Amino acid sequence: MTTPLTDAPAAGAGAALKPGTAGRRPVPVVRILRMELVKQFSAWRVRLLVLLCWLGPGLLVFAIDQQNTLPSDTLFGRWMHATGWAGSLVVLGVAGTWALPLVTSVVAGDVFACEDRLGTWRHLIIAVRSHRRIFAAKAIASVTVTGLLVAGLAVSSMLGGLLAEGNQPLVGLDGHLLTGGDAVGKVLLAWVCVLAPTLALAAIGLLGSVALGRSPMGLLLPMIAALGMQTAQMLPLPVTVRLALPGYTFISWNGLFTDPQQLGPLLIGIGVSLVWAVVATALACLLFLRRDFTNLNNDGAGRRALTLGVLPLAGVLAATVGAVAVGTGAGGSGITQDKVQRSVATVFSHLYPSQQAQMHQPAVTAAQLQTTAACDKSEGLGAQAGPGNDWRCTVSWNVPGYNVTAQAIYQVDVTPTGRYIADGDGPVQVNGYFLIINAGKPTPNPLWQFDGNVDLISDH
Amino acid sequence: MDTTIAVRGHGITKVFGDVVALDHVDVSVAQGQIYGLVGPNGAGKTTLLGLMLGLAVADEGDLEILGTSVGRGLPAPDGVSGFVDGPGLYPTLTAKQNLATLLSLQPDDSLAGDVGDALEQVGLTEAGDQKVRGFSLGMRQRLGLAAALLTKPRLLVLDEPSNGLDPAGKRQVHQVLRRLAAQGVTVVLSSHRMDDLEALCSEVTILAKGHVVFSGPPKKLTDDNHELDYRLRALDPSAAHAVAAATPGVRVVQDSDAVARPDNDVIVVRARTAALDELLARIVRANIPVRELAPVVSPLEAAFLSLTDQPALTGQEADQ
């Protein structure tokens, strides 16, 4: 059926065929990336996210700061009137729960699925002709857009807080004061740390987007994974399981705000998050490269895709649990009577001088107080370890200049993640009043209620 | 390798699970030719086009595109463009942005065309700044063609390019394809519209269930002189009916249906070409004014239906 060509081609496009030498030159990844970014930012939902992330936190922090009642149940929320840096940390805490999983769902969870939905896969593959380069560009585009949105959350919340309260010292999680300079560094570092679990969720989004195609489940996968990990963090699980979940870094950045810093859980969390990010991205890549784009009815969803996606991640979880157990030697809940006592005493000893200063009493130092705490759980019945709202601590300290020992009582609610709230239960002169009138201006009593954090893996 | 052949396939087989989409298909397309692929749904047209575009590789057989072997580990060469299953367009981008993003994917800027020129060629200049979300199917088809033109292809592979086009749009697309062919660009297209294939293609291949059942110039199909149904509209249909009934080799079909139709001046006759000539001569001799004599389905379509074992439509069904 070969038809000989009788007329020479006219010109231009069809002018010359060079047998055997016309192999397709690869399209540079940067060009595909540019196209992906154009597509991403043309979608209304991404534009809306950019707007929300860059304006929302600042406006929210500023607005909350104008209120009399502060979100004291949120970490650092009680200090929003004291310093501009607290607002950004409040946003960071909320972002780890809701905003960052949502961002990864909308951006990474849709980056492959949108091509299925629009029927544009073949168009893209014909234009690029390299599945690997397409995958690389889409993954990089997802990370780029996600990073831009995280940066927006961080910058906006910091600016909002600084505009409202300025660059004042921040009270750390163990009660010690961080100067404005220290605070900016640690707040920025905390935002950088949560990039790791955000990357892990983005990678899970890529995996869901590749494996589940146009199914909405692919889009929801990062949200579902984040919700699952948050639920797990609320359960009384062994500390090894808790640390082996990438979502723990959304909590363990707290450790940056203690002195000494609780870096163990934070570094483990970052490491685990990065392992998840790499494995989930590799699985997504593998599934994408194996996909058959000639069959329109097959968008990748199926038992095989799920098997290749879910089972390896379950294996990663098991392996990281084992590695954390061996590496840290940690066991149980990680919350012991000794740790609670030490932590409560430390926080109290740091906050007491602040209260004294507010009340225009002679200056004291934490060292002078020689604070100790005696804590029991369930009135001493049962195991004196683990999370619960039934911890009760008696704090004792030496009153400088009087050579007497004073005591205060706190009801302590310790969550499974190690974070706790100590609620004053007398005497009224120490922790009975919510506010202290200081030069006619009401300021929060730092000893009425305070936050703290138990290091789950360190014995110190 | 013969450089005058743009596409050469031998023994191409492609299997999806239990389904044999292409079964030892041979194909050869000369450079500068407009080549048609036709077949019923599931015949393997899209699969064959997909292989040419490098979307998949054949399980068996050899395929050369523009003088280069393609297959597993052997990507399709530069200069191949087109679309299958509709043009892939991003609805949130404008027509110009869609083309510009495609243009940005060209590894070599010298191979890239001009967005404005591509839009002008397909008659979409005025819609260039509109978002594709609001485009009709025909406009999307034309924009898909513009996208393909933008890469200055040497082989253009188009799946149903006339789908959704109005008559003016179809004429414009035909003009573009003919001009490209005249410039030496090879065009391989599939269509369900036999009139498109007859108007454009110098060769067609009919596929059925993954097999080639015909390959050659469309004229070869119509020359085979099959018995066809013709619609005859006369001023005096009763007289025409009588003449037709009396003409050897001519049968009047769908008699009652034709009478029942609103345009009951139409009768449908079934005949070979020679018998039809005789009928026309007799009608003229009988001094019956004839307003229309045309095949109910085109010869190519009739041949297609016959070769692919498709049930032939009656004259009335075809009209509907």
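What you see is a predicted model; the values in this text were computed from it and never measured.

1. What about the overall build of chain B?
Along the backbone of chain B there are twelve helices and 14 strands. In chain B, 72% of the contacts between residues at least 6 apart in sequence involve partners at least 24 apart.

2. Examining the domain arrangement of chain A
Residues and elements named next belong to chain A. Taken domain by domain, chain A comprises domain 1 (29–328) and domain 2 (337–453). If you average the C-alpha positions of domain 1 and of domain 2, the two centres end up 35 Å apart. With 17 residues of domain 1 in contact, the opposing surface of domain 2 contributes 15 residues. Residues that form the side of domain 1 that touches domain 2 fall into these classes: seven nonpolar, eight polar and two charged.

3. Remarks on the nonpolar core
Counting residues in each nonpolar core, the largest one holds 228 residues, and the members touching the most others are Ala203(A), Ala280(A), Val344(A), Ala146(B) and Val187(B). The leading source of residues in this core is helix α6 (residues 131–165) of chain A, at 14 residues. Beyond its immediate sequence surroundings of up to four residues, Ala203(A) is in contact with Trp276(A), Ala277(A), Ala280(A), Thr281(A) and Ala284(A).

4. As for the packing of helix α4 (residues 137–150) of chain B against helix α5 (residues 167–182) of chain B
Residues and elements named next belong to chain B. Interaxial distance between α4 and α5 falls to 11 Å at its minimum, and their mutual angle equals 10°. Taken together, the axis directions place α4 and α5 in an arrangement best described as roughly parallel. Residue-level contacts link Gly138, Arg142 and Leu145 of α4 to Gly169, Val173 and Val176 of α5. The residue inventory of the contact of α4 with α5, partitioned by class, reads three nonpolar, two polar and one charged.

5. Description of the UniProt feature "transmembrane region" (unreviewed entry) in chain A
Mapped onto this numbering, the UniProt entry gives "transmembrane region" (unreviewed entry) at residues 44–64, 84–114, 135–163, 183–207, 219–245, 265–289 and 310–332 of chain A. With 81% helix and 0% strand, residues 84–114 of chain A has end C-alpha atoms that lie 40 Å from one another.

6. Looking at the pairing of strand β6 (residues 419–424) of chain A
Residue and element names in this part refer to chain A. Alternating positions in β6 separate cleanly, Tyr420, Ala422 and Gly424 being buried on one face and Arg419, Ile421 and Asp423 remaining unburied on the opposite face. Taken together, strand β5 (residues 404–414) and the strand that follows it, β6, pair antiparallel across an intervening segment of four residues, in which glycine 418 is found at a positive phi of about 100°. When β6 meets strand β9 (residues 449–453), the two strands line up antiparallel, connected through five bridges. What sits directly across from aspartate 423, in β9, is glutamine 449.

7. Topic: the sheet that holds strand β2 (residues 19–30) of chain B
Residues and elements named next belong to chain B. A sheet is described by the order of its strands in space; here four strands give the open sequence β2-β1-β4-β5, paired in antiparallel fashion. Because the sheet does not close on itself, it has two edges, and the strands there are β2 and β5 (68–70). Direction aside, neighbouring strands of the sheet carry axes that sit 25° apart on average.

8. A few points about the domain arrangement of chain B
Residues and elements named next belong to chain B. Examined at the domain level, chain B breaks down into domain 1 (5–222) and domain 2 (228–319). Domain 1 puts 14 residues into the contact, and the matching count from domain 2 is nine residues. Those elements that place two or more of their residues in the side of domain 1 that touches domain 2 are α6 (194–200), β9 (203–208), β10 (211–216) and α7 (218–222). Counting residues per element, the side of domain 1 that touches domain 2 draws most heavily on α6, which supplies four residues. In terms of residue class, the side of domain 1 that touches domain 2 is built from ten nonpolar, two polar and two charged.

9. Some points on helix α9 (residues 216–234) of chain A
Residue and element names in this part refer to chain A. Helix length check: α9, at 19 residues, gives a terminal C-alpha distance of 27 Å against a target of 27 Å (1.5 Å per residue), a fit within 8%. Restricting attention to buried positions, one finds in α9 the residues Gly218, Leu219, Leu221, Pro222, Met223, Ala225 and Ala226. In this structure, the buried side of α9 is in contact with α3 (85–107), α4 (113–118) and α8 (195–212).

10. Section: helix α10 (residues 273–285) of chain B
Residue and element names in this part refer to chain B. Along its 13 residues, α10 runs 19 Å from first to last C-alpha, staying within 8% of the 18 Å computed at 1.5 Å per residue. Among the residues making up α10, those that are buried are Leu276, Leu279 and Ile283. End-on, the buried residues of α10 take up no more than an arc of 55°, which puts them together on one face. Exposed positions of α10 whose direction lies more than 90 degrees from the buried face are Ala274, Asp277, Ala281, Val284 and Arg285. Where α10 is buried, its residues meet β11 (228–234), α8 (237–246), β13 (266–271) and β14 (290–295). One or two steps after α10, the chain reaches asparagine 287, where phi turns positive at roughly 60°.

What counts and how
- Along every chain, residues carry numbers that run from 1 in the direction the sequence is written.
- Chains and ligands are labelled by the order in which they are written, letters from A for the one and numbers from 1 for the other.
- With the structure being a predicted model, the display of local features is reserved for residues of pLDDT at least 70 and the display and counting of side-chain atom pairs for 80 or more, all residues being used for whole-chain, interface and lining totals.
- Elements are defined by DSSP. Helices are runs of H or I of four residues or more, strands are runs of E of two residues or more, and each kind is numbered from the N terminus.
- Whether two residues are in contact is decided by their C-beta atoms, placed from the backbone, lying within 7 Å.
- Domain segmentation is taken from an automatic or database assignment of domains.
- Charged means Asp, Glu, Lys or Arg here, nonpolar means Ala, Val, Leu, Ile, Met, Phe, Trp, Tyr, Cys or Pro, and polar covers whatever is left, Gly included.
- Any set of buried Ala, Val, Leu, Ile, Met, Phe, Trp, Tyr and Cys residues joined through C-beta atoms within 7 Å is what this text calls a nonpolar core.
- Exposure is read from a count of other C-beta atoms within 10 Å of each residue's own; the residue is exposed at 12 or fewer, buried at 20 or more and partly exposed in between. C-beta atoms are placed from the backbone.
- Fitted lines through C-alpha atoms serve as axes, helices being fitted only where they are in contact, and the angles separating the N-to-C directions of these axes extend from 0 to 180 degrees.
- For classification purposes, an angle smaller than 35 degrees is called roughly parallel, one larger than 145 roughly antiparallel, one from 65 to 115 roughly perpendicular, and anything else oblique.
- UniProt positions are given in the numbering used here, feature names are shortened, and annotations may be inferred rather than shown by experiment.
- Each pair of strands is called paired provided DSSP finds at least two bridges between the two strands.
- Expected helix span is computed as 1.5 Å times (number of residues minus one).
- This arc describes the spread of directions from the helix axis toward the C-beta atoms.

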